[in-house]
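Here is what each chain is made of, one letter per residue.
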2 protein chains.
Amino acid sequence: MYAEPACDSSLSTPFAARWPIVPAQPDVREAAPRKPATRCSTCSLRGVCMPPDLTSTEFEQLDTVVLTTRNVHRGETLFRAHDAFQSLYAVRTGSFKTVVMHRDGREQVTGFQIPGEPLGLDGICSGTHSCDAIALEDSTVCIMPFGQLESFCRESRRMQRHLYQLMSGEIVRESSLMMLLGTMTAEQRLAAFLLDLAERFQARGYSGAQFNLKMSREEIGCFLGMKLETVSRMFSRFQREGLVEPNGKQIRIVDVEGLARV
Amino acid sequence: MYAEPACDSSLSTPFAARWPIVPAQPDVREAAPRKPATRCSTCSLRGVCMPPDLTSTEFEQLDTVVLTTRNVHRGETLFRAHDAFQSLYAVRTGSFKTVVMHRDGREQVTGFQIPGEPLGLDGICSGTHSCDAIALEDSTVCIMPFGQLESFCRESRRMQRHLYQLMSGEIVRESSLMMLLGTMTAEQRLAAFLLDLAERFQARGYSGAQFNLKMSREEIGCFLGMKLETVSRMFSRFQREGLVEPNGKQIRIVDVEGLARV
DNA sequence: CGGTGGATTGACGGATGTCAACGAGTGTGG
DNA sequence: CCACACTCGTTGACATCCGTCAATCCACCG
């Protein structure tokens, strides 16, 4: 999932480390490819991931916490529901969806994550993940072993505060999704979804007016609580009304105010 | 909101403090009635609010953090959206709803809180609350000034972990509500709602089979993403099917398995 | 070239919203 | 004590949004 014109390559592998692959740490489910991480202190996403006011000492400590990254291919899972919780993750490149599943097969996509956004916060509560995190495209995440992160947060007030804010932000995000699912029409949901995505892309230096959806209509519907046919119809309606120009997965937002008014 | 036969009185005012009212700490919005708190170390709800394995030293420290309680009358707000965030709260007696509101007047109830459950976690993220917390009946909360709580969490590993778990639990709770709103029929939502409430009451020593809803049909509907008439119809249907016996706000669950099968 | 999966569009039906009437319960004031 | 207003809950009739089912189209790929 990236914006056009894609500055993807620059953000994809900031200070791209072509270092030799390090022996993988023990992993519960699979021997996933891991690589030493680029240092947080020099990462181009640090402004998105990390508090703005960390001292250089704190960045040095942080670099000892975030030691590795992991590649996840399109369609593969970073973690699954019921996996033991060990680490938090930050999307470095690519994108993910998180899915909660009911025993009867009902699925709900609870979020789409793009670079700089956290993954895994659901696992802290019970020590076990409660959702699947699935890559929408070939992606990379930074791995933050939670035990070490906790230790660091006891030493650094700023980092401690940051982690609380991250989690609280997730709570607020989900609240507004509940509002979306509980009170809005299908048309309003899709409009809100597109505006939210646009804003998040823009905050990362991508174009907010034109971007590429890495998720299918079905996945969008599963996130917005509607069927894929309805998603498709709403896209068509927006096109008729001159609000967006959808071209398959390529989306151009023509009239932001119009979308907001829906 | 309490169970029948109400053991309400025992849980209502555990070790009820009839101490003189302490000079209220400065409060942004109102001079709310505050009283010194019963000590966490001797509170009958401590098993619900706090980690099970705190040492006595930690409880002593905790007692210096949770110094005051506050009464909130039915219909009044504990905090409002846009209020400055200062403290986390734990419901001690009574019950609350949290409501997020859109500028156009759309409202969504994001949760109902009963004794032992946290309030205010939404405020950490931006330093400003993002929802209203409104008492459904005359209620009491324990006040945990966030700055002091943070300090305590840097000293106590267990307390630090507990706060992370609390927040993560809220994230997971909201995820399952998204699933409810996104994938379930009106009938299934109401069934899930009743079962969830029953479980929470039971975990607090109340009856899970019979309880008293303090919220109106409209508030239930606003929480479950449906209209009050639909809530009412679903209650009637459950009654016809012999699953619950609703008597206004008094609810008796007759067939738990049947409700779960819906 | 055909097979496959995703997207689009149409026709139809059902779940739920909307509007309205009515009854029960409660508080208030004469 | 009663009359009254008011809120809340229930129920019915009808409308509508969206889900379901099906056909078609398109891009991609072996």
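That block above? That's the structure.
Since the structure is predicted, the reported quantities are computational estimates derived from the model, not experimental observations.

Here is what the cut-offs are and how they apply
- Residues numbered from 1 in each chain as written.
- Chains lettered and ligands numbered in written order.
- Predicted model: local features only at pLDDT ≥ 70, side-chain atom pairs only at ≥ 80, totals over all residues.
- Heavy atoms only, no water.
- Helix = DSSP H or I, 4+ residues; strand = E, 2+ residues; numbered from the N terminus.
- Buried < 20%, exposed > 50% of the residue type's maximum accessible area, 1.4 Å probe, protein only.
- Contact = heavy atoms within 4.5 Å.
- Areas by Shrake-Rupley, 256 points an atom, 1.4 Å probe, with all protein chains shown as cover.
- Phe/Tyr/Trp six-rings, centres within 6.5 Å; stacked < 30°, edge-to-face > 60°.
- Expected span 1.5 Å × (residues − 1).
- Arc of directions from axis to C-beta.
- Least-squares fit on C-alpha atoms with pLDDT ≥ 70 in both.
- Buried area = accessible area lost by both parts, 1.4 Å probe.
- Salt bridge = Lys/Arg side-chain N within 4 Å of Asp/Glu carboxyl O.
- Polar contact = N/O pair within 3.5 Å; in protein donor to acceptor, adjacent residues only side chain to side chain.
- Nonpolar A, V, L, I, M, F, W, Y, C, P; charged D, E, K, R; others polar.
- Near = heavy atom within 4 Å.
- Pairing = 2+ DSSP bridges.
- Axes fitted to C-alpha atoms, helices over the stretch in contact; angles between N-to-C directions.
- Parallel < 35°, antiparallel > 145°, perpendicular 65-115°, else oblique.

J.: Tell me about the overall build of chain A, residues and numbers included.
T.: The helix and strand inventory of chain A stands at nine helices and twelve strands. When each of the 262 residues of chain A is scored for burial, the buried share is 53%. The long-range share in chain A, meaning contacts at least 24 apart out of those at least 6 apart in sequence, stands at 73%. Accessible surface computed for chain A: about 11,400 Å², of which carbon and sulfur atoms make up 50%.

J.: Can you lay out the packing of aromatic side chains for me, pointing to particular residues and giving the numbers?
T.: The full count for this structure, using the stated rule, is 17 aromatic pairs over all chains. Among the aromatic residues, ring-to-ring pairing joins A:Phe85, A:Phe146, A:Tyr164, B:Phe85, B:Phe146 and B:Tyr164 into one connected group.

J.: Tell me what's going on with helix H8 (residues 228-240) of chain B, and back it up with residues and numbers.
T.: All names here are of chain B. Given a rise of 1.5 Å per residue, 13 residues ought to cover 18 Å, and the 19 Å separating the end C-alpha atoms of H8 matches this to within 8%. Residues of H8 that are buried include every one of Val231, Met234, Phe235 and Phe238, and no others. Buried residues along H8 cover an arc of 105 degrees about the axis, so they all sit on one side. Among the exposed residues of H8, those pointing more than 90 degrees away from its buried face are Arg233 and Arg240. Contacts from the buried residues of H8 go to helix H6 (186-203), helix H7 (217-224), strand E12 (244-247), strand E13 (250-253) and helix H9 (256-261).

J.: Quick one: what's the story with the relation of the copies chain B and chain A, residue by residue and with numbers?
T.: With an RMSD of 0.0 Å, the operation that places chain B on chain A is a rotation of 180 degrees combined with a shift of 0.0 Å along the axis. This pairing of chains is accounted for by a two-fold axis. Rotation axis and chain B: the residue whose C-alpha lies nearest the axis is B:Arg154, separated from it by 2.2 Å. When the interface residues of chain B are mapped onto chain A, 98% of them again lie at the interface, so the same face is used by both copies.

J.: Help me get a handle on the interface of chain B and chain A, residues and values and all.
T.: At the junction of the two partners, chain B supplies 43 residues and chain A supplies 43 residues. Roughly 4,100 Å² is buried in total at the junction of chain B and chain A, and carbon and sulfur atoms are behind 62% of that figure. For the chain B face of the interface with chain A, the top three residues by lost area are B:Arg154, B:Tyr164 and B:Met178, together amounting to 20%. Our count for the chain B to chain A interface comes out at two salt bridges. The residue B:Glu150 makes a salt bridge to A:Arg161 at a minimum N-O spacing of 2.6 Å. Seen at the junction of chain B and chain A, the total is 18 residue pairs in polar contact (both at pLDDT 80 or more). Contributing elements (two or more residues each) for the side of chain B that touches chain A: strand E6 (96-101), strand E7 (107-113), helix H4 (146-155) and helix H5 (157-183) of chain B. Looking at the side of chain B that touches chain A element by element, the count peaks at 20 residues for H5(B). Taken together, the residues that form the side of chain B that touches chain A break down as 19 nonpolar, 14 polar and ten charged.

J.: Describe the protein's contact with DNA strand D, with residues and values.
T.: Near DNA strand D there are 16 residues, and of these A:Ala186, A:Thr230, A:Arg233, B:Ser232 and B:Ser236 occur at the shortest range. Protein-proximal atoms of DNA strand D, defined as those within 4 Å of the protein, fall in sugar or phosphate at a share of 63%. The backbone of A:Ala186 places a nitrogen or oxygen atom 2.8 Å from a phosphate oxygen of DNA strand D. Side-chain polar atom of A:Glu229 to a base nitrogen of DNA strand D: 3.3 Å apart, as the coordinates give it. Mapped by element, the contributors of at least two residues to the surface near DNA strand D are helix H8 (228-240) of chain A together with H8 of chain B. In terms of residue count, H8(B) provides more of the surface near DNA strand D than any other element does, five residues in total. Class assignment for the residues of the surface near DNA strand D results in three nonpolar, six polar and seven charged.

J.: Describe the sheet that holds strand E10 (residues 139-145) of chain B, and please don't skip the residues or the numbers.
T.: In a beta sheet, neighbouring strands pair by backbone hydrogen bonds and run either parallel or antiparallel. All names here are of chain B. Strand order in the open sheet formed by five strands is E2-E3-E10-E5-E8, with antiparallel pairing between adjacent strands. Since the sheet does not close on itself, it has two edges, and those belong to strand E2 (34-36) and strand E8 (118-119), each with one partner. Here strand E3 (residues 68-72) runs beside E10; their pairing, made up of five bridges, is antiparallel. Considered in E10, the bridge of arginine 70 is made with valine 141.

J.: Residues and numbers for the protein's contact with DNA strand C, please.
T.: If you check the shell around DNA strand C, you find 16 residues, and the closest are A:Arg217, A:Ser232, A:Ser236, B:Ala186 and B:Thr230. Sugar and phosphate atoms represent 64% of those atoms of DNA strand C found within 4 Å of the protein. Between A:Arg233 and DNA strand C, the recorded distance is 3.0 Å, taken from a side-chain N or O atom to a base nitrogen. A:Ser236 has a polar side-chain atom sitting 2.3 Å from a phosphate oxygen of DNA strand C. Counting residues per element, the ones that place at least two in the surface near DNA strand C are H8 of chain A together with H8 of chain B. For the surface near DNA strand C, the leading source of residues is H8(A), giving five residues.

J.: Can you explain H4(B)? Please cite residues and give values.
T.: Here H4(B) has its buried residues at B:Phe146, B:Leu149, B:Glu150, B:Phe152, B:Cys153 and B:Arg154. Contacts from the buried residues of H4(B) go to helix H4 (146-155) and helix H5 (157-183) of chain A together with helix H3 (56-65), strand E5 (87-93), E10 and H5 of chain B.

J.: Explain the sheet that holds strand E11 (residues 244-247) of chain A to me, using residue names and the numbers behind them.
T.: Residue and element names in this part refer to chain A. As summarised here, the arrangement of the three strands in space is E10-E12-E11, forming an open sheet in which the pairing is antiparallel. Each edge of the open sheet carries a strand with a single partner, namely strand E10 (210-212) and E11. Along the sheet, successive strands turn relative to each other by an average axial angle of 15 degrees, direction set aside. Here helix H6 (residues 186-203) sits on the sheet in contact with E10, E11 and strand E12 (250-253), set at roughly 95 degrees to E10.

J.: Outline the environment of B:Ser207, supporting the account with residue identities and numerical values.
T.: All names here are of chain B. Counting through the fold element by element, serine 207 comes out in the loop between H6 and strand E11 (210-212). Sequence separation of serine 207 and arginine 252 is 45 residues, and the distance between their C-alpha atoms is 9.8 Å. At 3.1 Å, the side chain of serine 207 and the backbone nitrogen of glutamine 210 are in polar contact.

J.: Would you mind going over the packing of H6(B) against H8(B) in detail, with residue names and values included?
T.: Residues and elements named next belong to chain B. Two elements in contact, H6 and H8, have axes whose closest approach is 10 Å; the angle formed by their N-to-C orientations is 75 degrees. Accordingly, the angle class assigned to the pair H6 and H8 is roughly perpendicular. When H6 is examined against H8, the residues Ala186, Glu187, Leu190, Ala191 and Leu194 are found in contact with a partner set consisting of Thr230, Val231, Met234, Phe235, Arg237 and Phe238. Across the contact of H6 with H8, the residue classes break down as eight nonpolar, one polar and two charged.

J.: Got a sec to walk through the environment of A:Met144? Specific residues and values, please.
T.: Summarising the element assignment, A:Met144 is placed in strand E9 (residues 139-145). If near-sequence neighbours (up to four positions away) are discounted, A:Met144 is found in contact with A:Met50, A:Val66, A:Ser87, A:Leu88, A:Tyr89, A:Ala90 and A:Leu149.

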